[in-house]
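Examining the three-dimensional arrangement
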Amino acid sequence: MVIVVGVTGGIAAYKAVQLVRLFIADGHEVHVIPTEDALRFVGLPTWEAISRNRVTTSVHDDVPQVRHVALGQKADLIVVAPATANTLAGMAAGLASDLLGTTLLSSTAPVLVAPAMHTEMWRHPATQANMEVLVSRGVHVVGPDDGELTGGDSGPGRMSEPEAIHKAAAPLLGPGDLRGLTVAISAGGTREPIDPVRYIGNRSSGRQGVALAVAARERGARVLLAACNIEAEVLRPAERDGIAITPANTAAELSKVMNGYEADVIIMAAAVADYSVENVSEGKRTKADGHPSLSLVENDDIVAGLAARRRESQQVVAFAAETGDDFIERGRQKRRKKDVDLIAVNVVGWTQGFESADNQVAIIDRSDEVIGEAAGSKAEVAHAILDAVLAGR
Ligand code: CTP
């Protein structure tokens, strides 16, 4: 995993050296971003030697590599240790005044802070208000500990020990139970052209497929994501190291992308059009052409094809979007028809499933049993599906 360690200007910076060592010993790729002030405590060569990576502090270094956002996009976790009162205030305000600030702003990875400052500064309402803001945004906090501070004072404000920070970081890096596996996922909805400006589409937003890609990555998998017409804002969480995104527009394009992937697990979460238009017009159709009539041809069933050609130990997962009461039975039939290993059946309707943030699925395996159920956020549903995948390996 890729860990960015932000080091800010406090005497505890020297303890961050040990933290970086612990992450390196676990086999992670570590990038240290010290602030200018932090370099007064521990110098640049130390960080470069210990992290085995180039270290810079300014947004003006490595400009062609767009380093000020590249590290944030690449990170699986950002740890700020020590985090001074000034840095925490900057984070709460969203300041982008240095490389650490821009990295934090351009990242969707979990963030862990280890505050370190004098007791008075820690207890000050301004610092406490900043902490509240950060925690409400999902930032994780370890410490500060109660103990001796610089200058002989004592009280809360001492940075947690590197071992404690390392332990607090572990759950944020995910279980790593999919490490070594490549997971190919399709997401979104295909569009079948009618003429140069019109298409037949569907209401799939791509949220469930993107949540699957992010969840699989968090668990250590290498992810290949075929993205069908997904809005930029929905796709953004998947734009990170370890997830390779390939756009696909039509069912035919998606079929080509999915069949070109080399993967251990294939999850077809995309809503694929069952038909495409045979008589696509070269020019835009107008009313003057008369009453339109579309001739449709059936598309290949991509997931059934992938399942039929799968190699041993490769798992194929399909989705079944169903309406009505007997959805489990229809899911079973669909799994058999497509001969997939798992099917995630979800109930869709005018207000359920497609564009909403939440989802509800039942997961059925080859025994026809419902081996997993999940209702909640699309991330929770994604993890339940990945649990079922792992159980089947
Ligand atoms: N799917 C596919 N290729 C298609 C159509 C669907 O790979 N041409 C996949 C979807 O990605 C999904 C699963 O098949 O994983 C179920 O799609 P669904 O539309 O519910 O099933 P259909 O086979 O099209 O059945 P129905 O007759 O209910 O539309």
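Now for a quick tour of the structure. None of these values were measured; they are calculated from a predicted model.

Rules and cut-offs
- Residues numbered from 1 in each chain as written.
- Predicted model: local features only at pLDDT ≥ 70, side-chain atom pairs only at ≥ 80, totals over all residues.
- Heavy atoms only, no water.
- 1 Å grid on protein atoms, 1.4 Å probe; cavity = no way out; pocket = protein on both sides within 12 Å on 5 of 7 lines; lining within 4 Å.
- Points joined across faces, edges and corners; volume = space filled by probe spheres on them.
- Helix = DSSP H or I, 4+ residues; strand = E, 2+ residues; numbered from the N terminus.
- Nonpolar A, V, L, I, M, F, W, Y, C, P; charged D, E, K, R; others polar.
- Polar contact = N/O pair within 3.5 Å; in protein donor to acceptor, adjacent residues only side chain to side chain.
- Buried < 20%, exposed > 50% of the residue type's maximum accessible area, 1.4 Å probe, protein only.
- Contact = heavy atoms within 4.5 Å.
- Pairing = 2+ DSSP bridges.
- Axes fitted to C-alpha atoms, helices over the stretch in contact; angles between N-to-C directions.

Remarks on the layout of surface pockets
- Here the largest pocket is characterised by a volume of approximately 910 Å³.
- What lines the largest pocket is a set of 39 residues, and nearest its centre among them are Ala270, Ala271, Val272, Phe319 and Ala321.
- Within the residue set of the lining of the largest pocket, elements represented by two or more residues are β8 (182-188), α9 (207-218), α12 (302-308), β16 (315-322) and α13 (327-338).
- Looking at the lining of the largest pocket, the element that brings in the most residues is β16, giving four residues.
- The residue makeup of the lining of the largest pocket, split by class, is 17 nonpolar, 13 polar and nine charged.
- In this structure, the second largest pocket encloses a volume near 740 Å³.
- Forming the walls of the second largest pocket are 33 residues, and the residues nearest its centre are Thr8, Gly9, Gly10, Thr84 and Ala116.
- Counting only elements with at least two residues in the lining of the second largest pocket, the list comes to α1 (13-25), α4 (85-93), α5 (99-105) and β7 (154-158).
- The element contributing the most residues to the lining of the second largest pocket is α4, with five residues.
- In the lining of the second largest pocket, the residues fall into 14 nonpolar, 13 polar and six charged.

Some words on the side chain of serine 204
- Within the secondary structure, serine 204 sits in the loop between β10 (198-200) and α9.
- A polar side-chain atom of serine 204 sits 3.2 Å from the main-chain carbonyl oxygen of glycine 188.

What to know about the environment of glycine 372
- Its place among the elements puts glycine 372 in strand β19 (residues 370-377).
- Here glycine 372 falls in the buried class, since its relative accessible area comes to 17%.
- Taking C-alpha positions, glycine 372 is 8.5 Å from aspartate 387, a pair spaced 15 residues apart along the chain.
- Not counting residues up to four positions away in its chain, the partners in contact with glycine 372 are Val361, Ala362 and Ile363.

Focus on the sheet that holds strand β18 (residues 358-365)
- Sheet architecture is open: eight strands sit in the order β12-β11-β8-β13-β16-β17-β18-β19, paired in mixed fashion. At either end of the open sheet lies a strand with only one pairing partner, and these are β12 (243-247) and β19. Averaged over all pairs of adjacent strands, the angle between their axes in this sheet comes to 20°, without regard to strand direction.
- Pairing between β8 and strand β13 (residues 265-268): four bridges, direction parallel. Residue pairing in the sheet places alanine 184 in a bridge with isoleucine 266 of β13.
- In the packing of α9 onto the sheet, the strands contacted are β8, β11 (222-228), β12, β13, β16 and β18, and the crossing angle to β8 comes to about 160°.
- Seen against the sheet, helix α14 (residues 378-391) touches β13, β16, β17 (342-347), β18 and β19 and runs at an angle of roughly 160° to β19.

Let's talk about the sheet that holds strand β1 (residues 2-7)
- Strand order in the open sheet formed by five strands is β2-β1-β3-β4-β5, and the pairing between neighbours is parallel. Unpaired on one side and paired on the other, β2 (29-34) and β5 (140-141) mark the two borders of the sheet.
- Note that β1 and β2 share six bridges and pair parallel. When the bridges of β2 are listed, valine 2 appears paired with glutamate 29.

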